[in-house]
Amino acid sequence: MKKSFICLILATSMACAITGCKKDEAKSEASVQEKQTEAKTETTTEQDKQLNDEYFFESDYYTDIFYTVDADGNKMNTYDRSVITKILKDNGCDEDATIEAIHDGKMYLRQYATDDNGNSTYEFISLDLSTEKADVFFEMDSSYWSNYSDFYDGKLYIAGINNDDEKFKEFCFVPSDDGTMTEDKDSETEIDGYSVDTNDSGRGDCIAREIDMFGYVELSSYDYENKRFATMDAEGNITELDALNSNASYVMAYNDKVIIYDIDDGDDYKSTSYVYNIETGEAKQFGDAESVIVVGVTDDKVYYATTIETDQYNVTTKKITEYDAVADTYSEMYESEFAPGASYIDNVIFRAGKPYVMKLEGADVKWYRVDGADKLTDIDILSDTIQAYEYGTIIYGTSNFVCPYCGTPLYSCYAEAFVLDGKYSPVADQINAKLKEHMDGEVSYEPVSVAEAAETDCEDHKEYPDTYHETDTYNVSGVNIINDRYLIVDFNGYWYGGGAHGMPSMYEYIFDLQTGEELTFADFYKGTEEEFKTLVAEKVRQDYLENSTDGDNGGYFAATDQDAYDTAYEYASINSGNVAFQDDKVLVYFYPYDLGSYADGFKFYEFSYQELFGTATMVR
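Bear in mind the structure is a predicted one, so any value in this text is a computation, not a measurement. (Residues numbered from 1 in each chain as written. Predicted model: local features only at pLDDT ≥ 70, side-chain atom pairs only at ≥ 80, totals over all residues. Heavy atoms only, no water.)

A. Representation of the overall build of the chain. Helix and strand content of the chain: 13 helices and 39 strands. Within the chain, the proportion of its 620 residues that are buried is 49%. (Helix = DSSP H or I, 4+ residues; strand = E, 2+ residues; numbered from the N terminus. Buried < 20%, exposed > 50% of the residue type's maximum accessible area, 1.4 Å probe, protein only.)

Structure (structure tokens):
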């Protein structure tokens with residue numbers, strides 16, 4: 001029987017109703033995760049239902065290799081993204097389609113599409129790795145945006161939210177042996193006035209999974225200013241959560257014992273987390289910080305992360321804590337180590353009922369399963385290899401300038417420097433001294449806002465501290481040695497000085513490993529400034545023509561290819577520094593706003609060594 005629930009509100013309290021996650025970002029990329037728990041029924045266990053399931057373990061979206069883990073949290077399968085991309089392309093699908101779920105040798109993906117009326121929507125793809133077939137089996141109505149997908153109990157559930165009409169719908173499809181997908185309308189769910197809040201543990205679990213695990217699924221209304229929360233049980237009975245409706249901003253996580261929610265503290269983008277005990281109806285502050293990030297939930301545990309600040313700008317660690325909902329106790333599980341050049345290693349994900357953390361070992365960033373307090377298990381999954389640590393190490397420096405009158409931070413800087421291992425160059429010390437000099441120059445910079453600070457500014461400083469706090473970061477993003485002769489050190493930077501966003505930067509240092517000399521692009525390019533400008537501008541023109549269509553300028557400001565050519569010609573320069581050397585090619589790039597919007601980011605144009613230098617490789 002098809003389930004259609006039109007907000008049947010039972011005027012009972014939460015404590016009486018339950019004998020029994022959040023993803024509200026339009027067109028967001030879905031991540032996939034599962035939770036392994038005991039069942040809430042006498043006839044079936046979660047383990048039986050998910051015996052052959054695998055838990056999507058995204059390692060790095062920008063690498064070809066990714067993994068899955070089994071129900072015990074051990075590495076199960078290794079996948080090559082380039083193979084998947086080829087299958088998609090060969091079958092006429094979008095190569096950039098997003099993986100939503102994996103089960104029994106099949107992948108389910110989502111791609112952007114346009115319906116017959118020209119409206120943006122989504123299409124869902126079934127991909128069989130054994131037959132190398134990929135077929136679109138479902139096009140979501142354009143009035144919905146995709147919320148989550150979950151393969152559970154032999155069925156694929158796909159959730160959509162219609163904000164305009166305040167409708168939520170969970171579609172359901174059953175795969176057959178021949179690869180076709182059949183819609184199971186009897187297993188679909190429609191809800192008016194509420195959307196399903198997914199547990200904040202990395203993905204959305206379908207309604208059936210949540211009800212089997214916890215006895216209910218948590219709902220929230222569409223009106224953010226007057227947010228209402230409720231629960232829905234297996235029969236579709238919806239019960240308002242009066243205890244949360246008076247003050248909660250959003251629900252982060254829940255199980256059959258507690259609900260974790262946040263309350264916004266005002267206009268400063270800060271919030272405080274609380275835990276609501278379902279049995280007692282009591283609520284109190286949750287965790288040991290004002291706001292926490294819940295990473296995963298089981299039937300009696302909640303795992304969350306807090307960022308640990310230090311007295312050095314941008315130097316932080318992350319602590320993982322386990323909350324026992326039965327005993328109402330907290331246990332510290334793990335605290336990450338800060339690693340220059342790999343700040344992302346404080347990432348935490350949740351799979352198969354356990355949190356996972358990254359650790360840097362030599363040059364390798366590896367994933368570990370957290371099995372207890374400081375008990376990490378190597379699951380043989382490599383996330384990344386950092387080139388800088390293959391050739392040496394990374395040091396860092398920081399600075400923090402405050403208002404001399406009120407102590408409000410006005411400028412903070414974090415900068416890194418690569419340190420080359422002496423075995424790669426007889427003049428490594430000379431090169432390292434120069435790289436450190438660059439770093440020291442960044443952290444010693446004092447902006448005008450500090451020098452000109454006045455006591456009369458303090459009232460504004462205290463009222464808008466984030467607005468007045470200018471920040472700079474400079475991170476080593478890549479290290480390479482080309483032809484055993486040239487050291488390439490790449491940096492990414494980001495400046496913020498208030499407003500909607502800051503400004504990214506990128507640059508490169510080049511050294512001769514034999515002489516220690518610091519080089520630039522101009523030391524290799526023998527043509528004229530005019531020749532370089534023309535070469536780059538023509539490459540930009542060709543890209544414009546290839547990517548622009550009627551009504552779409554392909555991410556360019558320019559209205560015509562000649563406009564794109566003229567702008568590129570104006571900005572391109574031998575001495576601009578907007579060049580990146582690689583083993584087999586050279587990239588010339590333009591900053592956001594040079595040729596396109598901020599959202600379009602940097603624009604890169606690829607040149608062979610032959611095109612630029614008339615040589616097969618990097619030589620002087």
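B. Summary view of the sheet that holds strand S32 (residues 409-420). Taking strand neighbours across the sheet as the criterion, the six strands line up as S31-S32-S33-S34-S35-S36 in an open arrangement whose pairing is mixed. One side of each edge strand has no neighbouring strand; the edge strands of this open sheet are strand S31 (392-402) and strand S36 (518-519). Examined bridge by bridge, strand S34 (residues 486-496) and strand S35 (residues 503-512) share ten bridges and lie antiparallel to one another. Within the sheet, the bridge partner assigned to aspartate 490 lies in S35 and is glutamate 508. Helix H7 (residues 428-444) contacts S31, S32, strand S33 (470-482), S34, S35 and S36 of the sheet and is inclined by roughly 170° relative to S32. (Pairing = 2+ DSSP bridges. Contact = heavy atoms within 4.5 Å. Axes fitted to C-alpha atoms, helices over the stretch in contact; angles between N-to-C directions.)

C. Geometry of the pattern of salt bridges. Under the counting rule described, the total for this entry stands at 29 salt bridges. As a salt-bridge pair, glutamate 188 and lysine 169 come within 4.0 Å of each other at their nearest N and O atoms. Taken as a pair, glutamate 188 in the loop between strand S13 (181-183) and strand S14 (189-192) and lysine 169 in strand S12 (residues 167-175) lie far apart in primary sequence, 19 residues in all. A relative accessible area of 12% places lysine 169 in the buried class. Glutamate 437 serves as the salt-bridge partner of lysine 434, at 3.6 Å between the closest nitrogen and oxygen. With lysine 434 and glutamate 437 both in helix H7 and three residues apart, the pair spans about one turn of that helix. Judged by its relative accessible area of 29%, lysine 434 falls in the partly exposed class. Under the relative-accessibility criterion, glutamate 437 is labelled partly exposed at 48%. (Salt bridge = Lys/Arg side-chain N within 4 Å of Asp/Glu carboxyl O.)

D. Region of the structure containing the side chain of threonine 317. Position of threonine 317 among the secondary structure elements: in strand S25 (residues 316-324). Threonine 317 gets classed as buried once you look at its relative accessible area, which sits at 11%. Of the polar contacts made by the side chain of threonine 317, one reaches the side chain of glutamate 335; its length is 2.7 Å. Once residues within four sequence positions are removed from consideration, threonine 317 is found in contact with Thr306, Thr307, Ile308, Glu335, Ser336, Glu337 and Phe338. (Polar contact = N/O pair within 3.5 Å; in protein donor to acceptor, adjacent residues only side chain to side chain.)

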